Amino acid sequence: MISLRLAAIACLALTAACRSEPETGPNDWLHNQSEDRERFERLQDQLGGFSQTMWEVGERYEQMHEAIRRENFDLALYHWDKIADATARGIERRPGRADNARALFLDDEHGEVRDLLEQRTLSSAWAGFERASLSCQSCHQAEGVEYFNNQPLFDLRAPQGYRD
Ligand code: HEC
């Protein structure tokens, strides 16, 4: 009888402990919201839209240029694949960009540039880079943001002798 009562008390204490709210501080910007809806809105906002994607893509594109310059074809392939992953995530967040992203980049161009990188020669890799550059810029044109094509990133080219 006593042990039953003890068990009941322990049980109550435990539930009370479980029910207590987690401690939150001023940095708990999600925990501090009272509704999940508000939390999701804030998360969505923090993840950003397509420009966030393009920021990553631009950075990796630059790294890809440097990797080819160093004849580090594995690294160039790595960034090229991450560029596709980032773009795929980007169009999940901004489906309005999906048609052009697929038609001008993801469906064919990405794979064809990938094949050129896989050949692991400087001439094929630079041919791939030149092709990538055209593909990026054609999508900016199609999306009505061609002013992005006029910046140092797109001055990066294959060295003389490797261009058509
Ligand atoms: C959907 C077609 C599409 C493709 C493919 C694409 N872009 Fe973009 N890019 C955009 C759009 C749209 C913006 C403007 C984003 C915005 O304003 O939200 C942009 C913006 C950018 C920016 C500016 C980002 C910033 O905020 O500073 C860079 C850099 C960029 N793109 C690089 C690239 C590179 C490099 C590639 C190819 C590897 C590429 N883009 C492929 C559509 C595309």
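Residues numbered from 1 in each chain as written. Predicted model: local features only at pLDDT ≥ 70, side-chain atom pairs only at ≥ 80, totals over all residues.

### Some remarks on the overall build of the protein chain
So, point 1. For the protein chain, the helix and strand inventory stands at seven helices and zero strands.
So, point 2. Along the protein chain, helices and strands appear, N-terminal first, in the series α-α-α-α-α-α-α.
So, point 3. Here the protein chain, with 164 residues, has 18% of them falling under the buried criterion.
So, point 4. Once local pairs closer than 6 in sequence are excluded, the contacts in the protein chain between residues at least 24 apart make up 54%. (Helix = DSSP H or I, 4+ residues; strand = E, 2+ residues; numbered from the N terminus. Buried ≥ 20, exposed ≤ 12 C-beta atoms within 10 Å, placed from the backbone. Contact = placed C-beta atoms within 7 Å.)

### Some details on the nonpolar core
So, point 1. Ranked by internal contacts, the top residues of the largest apolar core, which has 21 residues, are Met64, Ile68, Ala76, Trp80, Leu117, Ala125 and Phe129.
So, point 2. Within the residue set of this core, elements represented by two or more residues are helix 3 (50-69), helix 4 (73-93), helix 5 (98-106), helix 6 (109-118) and helix 7 (122-142).
So, point 3. Sequence-distant contacts of alanine 76, defined by excluding residues within four places in its chain, comprise Met64, Ala67, Ile68, Leu117 and Ala125. (Core = buried A, V, L, I, M, F, W, Y, C linked by C-beta atoms within 7 Å.)

### What about the site of the ligand?
So, point 1. Around the ligand, the surrounding shell holds 22 residues, and the nearest of these are Ser51, Met54, Gly58, Cys136 and Cys139.
So, point 2. At the level of elements, helix 3, helix 5 and helix 7 are the ones that each hand at least two residues to the shell around the ligand.
So, point 3. Looking at the shell around the ligand, the element that brings in the most residues is helix 3, giving seven residues.
So, point 4. Partitioned by chemical class, the residues of the shell around the ligand number 15 nonpolar, five polar and two charged. (Near = placed C-beta within 6 Å. Nonpolar A, V, L, I, M, F, W, Y, C, P; charged D, E, K, R; others polar.)

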